[in-house]
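# Structural description and commentary
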Amino acid sequence: MSTEEELNQLDASMAEAKHFIDVKKSVERLFKNRDFKKVILEYYFKEEAARLVMAKSSNLSEEQKKLIDCMIYGIGALSNFFDSVHQRGVQAELALRDDEEAKTAILQEDLE
């Protein structure tokens, strides 16, 4: 692979990493937002989840129980999504640092 190709590949990798870092920062801002905390973190993740668990123990048809299961799954899936976005952003920060170091090394070698 030529130096130019290596640099192009690093630039593409760095652009992708910056995208995931930006998304991570957006999620972090969301988690600090008062309304997001109230509606999603407090009400949806806690109160709604508890309500659904209690509702499932009621006298419901199998179809209604399946619907509640799906709703409970949705709460967990959203929580997992936020966790994965954060983790992917952390990994992207590390990858960006490594790519920047690699690019600097390639450019320094090219000068010598």
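These notes cover the structure that comes with them. For clarity, every value in this text was computed on a predicted model and none was experimentally measured.

### With respect to the environment of Ile40
Mapped onto the secondary structure, Ile40 falls in helix 2 (residues 34-56). Residues Ile40 and Leu78 lie 38 residues apart in sequence; the distance between their C-alpha atoms is 9.7 Å. Excluding residues that lie within four positions of it along the chain, Ile40 makes contacts with Phe45, Leu78 and Phe82.

### Details of helix 1 (residues 3-32)
In this model, helix 1 (30 residues) spans 43 Å end to end at C-alpha, consistent with the 44 Å of a helix rising 1.5 Å per residue. Taken together, the buried positions of helix 1 are occupied by Leu7, Leu10, Met14, Ala17, Phe20, Ile21, Lys24 and Val27. Residues of helix 1 that are buried in the fold lie against helix 3 (62-111).

### Topic: the pattern of salt bridges
Applying the stated criterion across every chain, the model contains six salt bridges. The shortest N-O distance in the salt bridge between Glu93 and Lys24 comes to 3.1 Å. Here Lys24 lies in helix 1 and Glu93 lies in helix 3, a separation of 69 residues in the sequence. By relative accessible area, Glu93 is classed as partly exposed at 31%. For Asp69, the salt bridge identified is with Lys56, shortest N-O distance 2.4 Å. One end of the pair, Asp69, is in helix 3; the other, Lys56, is in helix 2, with 13 residues separating them in the sequence. By relative accessible area, which is 30% here, Lys56 ends up partly exposed. Ionic contacts of the salt-bridge type, sharing partners, join the residues Lys24, Glu28 and Glu93 into one network.

Conventions and cut-offs
- Residues numbered from 1 in each chain as written.
- Predicted model: local features only at pLDDT ≥ 70, side-chain atom pairs only at ≥ 80, totals over all residues.
- Heavy atoms only, no water.
- Helix = DSSP H or I, 4+ residues; strand = E, 2+ residues; numbered from the N terminus.
- Contact = heavy atoms within 4.5 Å.
- Expected span 1.5 Å × (residues − 1).
- Buried < 20%, exposed > 50% of the residue type's maximum accessible area, 1.4 Å probe, protein only.
- Salt bridge = Lys/Arg side-chain N within 4 Å of Asp/Glu carboxyl O.

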